[in-house]
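The primary structure of each chain is shown beneath.
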Amino acid sequence: MLLHVVHETRYRYAPVVENAHHVVHLKPASRSGQSLLSYALRVNPEPVQLRETEDVYGNTRTYFSLQAAHESLTVVADSIVSTSALNPLQSEASLSAGKPASPAWEQVREQFRYRAGAAYDSASEFLFASPYVPRDDTFIEFARPSFLPGRPLPEAARDLMERIHSAMIYESESTEVNTPALEALKLGKGVCQDFAHIMVACCRAMGLPARYVSGYLLTTPPPGQPRLVGSDASHAWASVYCPGLGAWLDFDPTNNRAPGEDYVTLAIGRDFLDVSPMRGVIRGGAQHILDVAVTVEPVASASD
């Protein structure tokens, strides 16, 4: 599927901002199941510096600097991405049947226990607490019913996703971008970021590598398909490492499904703080108004 993504961020400041330095994660990734075909970043006013670098997780981050006074800032990321369906082992039928070729979750946990002199596995970086995903026994208590003895990891993760979806209420503006996962779980409501953080926290609490994924959803679904929660905004979901399959498996607890070709991956990290779409330091602009608009729509291919 070809998807056109436009992510527009507008700030209006009072008083004016004298100078500013920003970092954005707005360039979609080229990873398994996804290829970035075109990308353009437009910044107004025009920055005096703009450069791209790659972070430790392989995401593209862009730094830009504004040295002239400005009362507004507009950043538009325009991308065309080719996506494909995920591994068939993560299909709805396969996960529902609970028969993927995967070891039991306890075997995965044991594989990632610390042992002096053991071979390094990069997935182990996603075992530990992070700023928005702390360690707490509350996550163990919530996760335990999903992790039955001998249960294959994909089946356990899917059950956890379903339980988070049932236990949490999606409510816009019920939390802030810096709300910790524990607070959101106790509130019983939140946005997609909170749903993803809770699933990541629960998996890590059980000793399993899990990471946070930022991205987008197709705004207009195919005929007959329901409109997904999180459309017209950035989206987020969780990814759990399954060494038996040699792959990271994605789960969207907000919509209670496995992401497919109607999803676009933007960046991965330990939590939202690693992949915030835009953050920075400004001088001035004590008050500001922020508007964010996201549109994802299909693009007809040349063969259509």
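All of these numbers come straight from a predicted model, not from anything done at the bench.

Caption draft 1: Representation of the overall build of the protein within the structure. Looking only at helices and strands, the protein has seven helices and 13 strands in total. Buried positions account for 49% of the 304 residues belonging to the protein. Accessible area of the protein: about 14,100 Å², with a carbon and sulfur share of 51%.

Caption draft 2: How the structure looks around the packing of aromatic side chains. In this structure the tally under the stated criterion is nine aromatic pairs. Between Y11 and Y13, the ring centres sit 5.7 Å apart and the planes meet at 5°, which makes this aromatic pair stacked. This pair shows no difference in class: Y11 is buried, exactly as Y13 is. Seen in terms of ring centroids, Y57 and F126 are 5.3 Å apart; in terms of plane orientation they differ by 40°. Their pairing is tilted. You can see Y57 sitting in the loop between β3 (49–54) and β4 (60–66) and its partner F126 sitting in the loop between α2 (105–111) and α3 (137–143), a full 69 residues away along the chain. On the accessibility criterion, Y57 (16% relative accessible area) is buried. Overall, F126 belongs to the buried group, its relative accessible area being 4%. Across the ring face of F142, the terminal group of R163 is positioned such that the distance to the ring centre comes to 4.5 Å. Positioned above the aromatic ring of W248, the side-chain terminus of R211 is 4.1 Å from the ring centre.

Caption draft 3: Summary view of the pattern of salt bridges. Tallying each qualifying case throughout the model produces 13 salt bridges. Taking the shortest distance from any N to any O, the salt bridge between D159 and R151 comes out at 3.6 Å. A residue is classified by how much of its surface remains accessible, and D159, at 17% relative accessible area, is buried. R257 is the salt-bridge partner of D262, the closest N and O atoms lying 2.9 Å from each other. Side by side, D262 and R257 carry an identical accessibility label, which is buried.

Caption draft 4: Quick look at the packing of helix α4 (residues 153–167) against helix α6 (residues 192–205). It is at 10 Å that the axes of α4 and α6 come closest, and there the two elements cross at 140°. Comparing their axes, α6 and α4 come out oblique. For the pair α4 and α6, the sense of crossing is right-handed. In contact with A157, L160, M161, I164 and H165 of α4, α6 contributes F195, I198, M199, C202 and C203. Along the lines of polarity and charge, the residues of the contact of α4 with α6 split into nine nonpolar, one polar and no charged.

Caption draft 5: Spatial organisation of α6. Over its 14 residues, α6 extends 20 Å from the first C-alpha to the last, a length consistent with the 20 Å expected when each residue adds 1.5 Å. Most of α6 sits out of view: 14 of its 14 residues are buried. G207 sits one or two residues past α6 and shows a positive phi near 85°.

Caption draft 6: Looking closely at unusual backbone geometry. Between A14 and P15 the backbone carries a cis peptide bond, its omega angle lying at -10°. One can find P15 in strand β1 (residues 2–24). Between N44 and P45 the backbone carries a cis peptide bond, its omega angle lying at 10°. Assignment of secondary structure puts P45 in the loop between β2 (34–44) and β3. Look at N256: it is not a glycine, yet its phi comes out positive at around 55°. Its place among the elements puts N256 in the loop between β10 (247–251) and β11 (263–269). For N256, a relative accessible area of 25% corresponds to the partly exposed category.

Caption draft 7: Here's a closer look at α4. Between the first and last C-alpha of α4 there are 21 Å, a value that for 15 residues agrees with the 21 Å anticipated at 1.5 Å per step. Restricting attention to buried positions, one finds in α4 the residues L153, P154, A156, A157, R158, D159, L160, M161 and I164.

Caption draft 8: Summary view of the nonpolar core. The biggest cluster of nonpolar side chains holds 38 residues, and the ones touching the most others in it are F139, F147, L153, L160, I164, I198 and M199. Elements supplying a minimum of two residues to this core: α2, α3, α4, α5 (181–187), α6, β9 (235–242) and β10. The contacts of F139, once residues within four sequence positions are left out, are P134, A181, L182, L185, A201, C202 and A205. Grouped together as the second largest cluster of nonpolar side chains are 22 residues, L3, V17, L73 and Y216 included.

Caption draft 9: Geometry of the sheet that holds β11. In space, the four strands of this open sheet follow the order β10-β9-β8-β11, with antiparallel pairing throughout. Strand pairing shows two members of the sheet lacking a second neighbour, β10 and β11, which therefore form its edges. Taken over all neighbouring pairs, the strand axes of this sheet differ in orientation by 35° on average, direction set aside. Direction of pairing for strand β8 (residues 210–217) relative to β9: antiparallel, over a ladder of six bridges. Paired with A210 across the two strands is V240, which belongs to β9. Lying over the sheet, α6 contacts β8, β9 and β10, oriented at roughly 15° with respect to β9.

What counts and what doesn't
Residues numbered from 1 in each chain as written. Predicted model: local features only at pLDDT ≥ 70, side-chain atom pairs only at ≥ 80, totals over all residues. Heavy atoms only, no water. Helix = DSSP H or I, 4+ residues; strand = E, 2+ residues; numbered from the N terminus. Buried < 20%, exposed > 50% of the residue type's maximum accessible area, 1.4 Å probe, protein only. Areas by Shrake-Rupley, 256 points an atom, 1.4 Å probe, with all protein chains shown as cover. Phe/Tyr/Trp six-rings, centres within 6.5 Å; stacked < 30°, edge-to-face > 60°. Lys NZ or Arg CZ within 6 Å of the ring centre and 35° of its normal. Salt bridge = Lys/Arg side-chain N within 4 Å of Asp/Glu carboxyl O. Axes fitted to C-alpha atoms, helices over the stretch in contact; angles between N-to-C directions. Parallel < 35°, antiparallel > 145°, perpendicular 65-115°, else oblique. Left-handed = near helix turned anticlockwise from the far one by under 90°. Contact = heavy atoms within 4.5 Å. Nonpolar A, V, L, I, M, F, W, Y, C, P; charged D, E, K, R; others polar. Expected span 1.5 Å × (residues − 1). Core = buried A, V, L, I, M, F, W, Y, C linked by side-chain atoms within 4.5 Å. Pairing = 2+ DSSP bridges.

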